[in-house]
Amino acid sequence: MQKRLMALLSAALVAFCAVCAAGCGTESPDEPRAAVEAVLARVWSSSDARALIGEETVSMMQRIDVSPESFMGTYFDGASYEVGDVSVDGDAATAHVVVRGRSMGDVEAALMDAYTAKALEDGGHSEESGLYLIAGSQLLDCVRSSAIKDRSCEVSLQKADGAWRLTDEGSAALTSILLGR
């Protein structure tokens, strides 16, 4: 049950990032940098987590009594990003990105420990609904207690139809550091 929950929460962040990774075309002198910054700015400023993470994830979060907005807000609280050097070679570019944020792996480990301790303290719950409520009651505290760390990656972009967009590999690299994996 815990692994399904953490996989779903990770999937929520992946879906969130995928929706935001469309990039945008700008006419600034540093167009690839602006495209990466626009993607990251949307991740940080989105107030509609429900629309971005999908109905299945919303349903699972409701089952554990945690709002998607609370989870996303807590996960990104204190997080920041910086787009560093950008190299351009024709219609291809690479941007160095540093994200300072939490790690889903750290959250998973803390949740497993807290969940196990709470289940043992309560004498265990035979009903699945009780197990979900334990996970839900511990989740946001586990997110808050996870350390904020710096992670970096190279994000690849491609220019098409006059607009710079993250490549699939660039989106995957960015998602990976946003998840702290």
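Residues numbered from 1 in each chain as written. Predicted model: local features only at pLDDT ≥ 70, side-chain atom pairs only at ≥ 80, totals over all residues. Heavy atoms only, no water.

Engineer: Looking at this structure, how should I read the overall build of the chain?
Structural biologist: Assigned secondary structure in the chain consists of eight helices and four strands. Helices (α) and strands (β) of the chain occur, in sequence order from the N terminus, as α-α-α-α-α-β-β-α-α-β-β-α. When the 181 residues of the chain are sorted by exposure, 45% land in the buried category. When contacts within the chain are restricted to residue pairs at least 6 apart in sequence, those whose partners lie at least 24 apart make up 73%. Accessible surface, the chain as shown: approximately 8,700 Å² in total, 50% of it carbon and sulfur. (Helix = DSSP H or I, 4+ residues; strand = E, 2+ residues; numbered from the N terminus. Buried < 20%, exposed > 50% of the residue type's maximum accessible area, 1.4 Å probe, protein only. Contact = heavy atoms within 4.5 Å. Areas by Shrake-Rupley, 256 points an atom, 1.4 Å probe, with all protein chains shown as cover.)

Engineer: Would you mind showing me how to read the packing of aromatic side chains here?
Structural biologist: Each aromatic ring pair is specified by the distance between its two centres and by the angle formed by the two planes. A complete count under the given rule lists four aromatic pairs for this structure. Relative to tyrosine 75, the ring of phenylalanine 71 lies with its centre 6.0 Å away and its plane at 25°, an arrangement referred to as stacked. In this pair, phenylalanine 71 and tyrosine 75 both sit in helix H5 (residues 68–76), four residues apart, roughly one turn of the helix. For phenylalanine 71, a relative accessible area of 0% gives the class buried. A relative accessible area of 1% means that tyrosine 75 is categorised as buried. Among the aromatic residues, those joined into a cluster by ring pairs are Trp44, Phe71, Tyr75, Phe76 and Tyr81. (Phe/Tyr/Trp six-rings, centres within 6.5 Å; stacked < 30°, edge-to-face > 60°.)

Engineer: Looking at this model, I keep getting lost on helix H8 (residues 168–179). Mind explaining?
Structural biologist: Compared with the 16 Å implied by 1.5 Å per residue over 12 residues, the 16 Å span of H8 between its first and last C-alpha is a close match. Gly170, Ser171, Leu174, Thr175, Ile177, Leu178 and Leu179 are the residues of H8 that are buried. Where H8 ends, the next residue or the one after it, glycine 180, has phi of about 75°, a positive value. (Expected span 1.5 Å × (residues − 1).)

Engineer: Please clarify how the nonpolar core should be interpreted in this entry.
Structural biologist: As a rule of thumb, nonpolar side chains are buried together in soluble globular proteins. One finds Val36, Phe71, Val97, Leu139, Leu157 and Leu174 to be the most contacted residues of the largest nonpolar core, which totals 39 residues. If we ignore the near neighbours within four places in the chain, the residues touching leucine 174 are Val39, Leu40, Val97, Cys153, Val155 and Leu166. Membership of the second largest hydrophobic core comes to five residues, among which are Ala119, Leu131, Ile134 and Ala135. (Core = buried A, V, L, I, M, F, W, Y, C linked by side-chain atoms within 4.5 Å.)

Engineer: I would appreciate a short explanation of the environment of glutamate 82 in the present structure.
Structural biologist: Counting through the fold element by element, glutamate 82 comes out in strand E1 (residues 80–89). Note on glutamate 82: relative accessible area 51%, which makes it exposed. When the C-alpha atoms of glutamate 82 and histidine 96 are compared, they prove to be 8.5 Å apart, with 14 residues separating the residues in sequence.

Engineer: Looking at this structure, I do not really get the side chain of arginine 102. What am I missing?
Structural biologist: Locating arginine 102 in the fold gives a position in the loop between strand E2 (92–101) and helix H6 (104–121). Among buried charged residues, arginine 102 stands out as having no salt bridge; its nearest opposite-charge side chain is aspartate 77, 4.8 Å away. Reaching out from arginine 102, the side chain makes a polar contact with the backbone oxygen of valine 143 at a distance of 2.7 Å. Residues contacting arginine 102, with those up to four places away along its chain left out, are Thr74, Tyr75, Asp77, Val143, Arg144, Ser146, Ala147, Ile148, Arg151, Leu178, Leu179 and Gly180. (Lys, Arg positive; Asp, Glu negative; His and termini not counted. Salt bridge = Lys/Arg side-chain N within 4 Å of Asp/Glu carboxyl O. Polar contact = N/O pair within 3.5 Å; in protein donor to acceptor, adjacent residues only side chain to side chain.)

Engineer: Could you clarify how one ought to interpret the pattern of salt bridges in this entry?
Structural biologist: Any two side chains of opposite charge can pair, given that their charged atoms come close. Throughout the structure, instances matching the rule amount to four salt bridges. Residue arginine 100 pairs with aspartate 150 through a salt bridge whose shortest N-O separation is 3.2 Å. Taken together, the residues arginine 100 in strand E2 and aspartate 150 in strand E3 (residues 149–160) connect sequence positions 50 residues apart. Exposure remark for arginine 100: the relative accessible area of 39% places this residue in the partly exposed category. For arginine 144, the salt bridge is made with aspartate 141, and the minimal N-O distance between the two is 2.9 Å. You can see arginine 144 and its partner aspartate 141 sitting in helix H7 (residues 128–145), three residues apart, about one turn around the helix.

Engineer: I tried to follow the pairing of strand E4 (residues 163–166) on my own but got confused; where do I start?
Structural biologist: The side chains of a regular strand alternate between the sheet's two faces. Here E3 runs beside E4; their pairing, made up of four bridges, is antiparallel. When the sheet's bridge partners are listed, glutamine 158 is paired in E4 with arginine 165. Between E3 and the antiparallel strand that follows it, E4, lie two residues; aspartate 161 among them carries a positive phi value of about 55°. (Pairing = 2+ DSSP bridges.)

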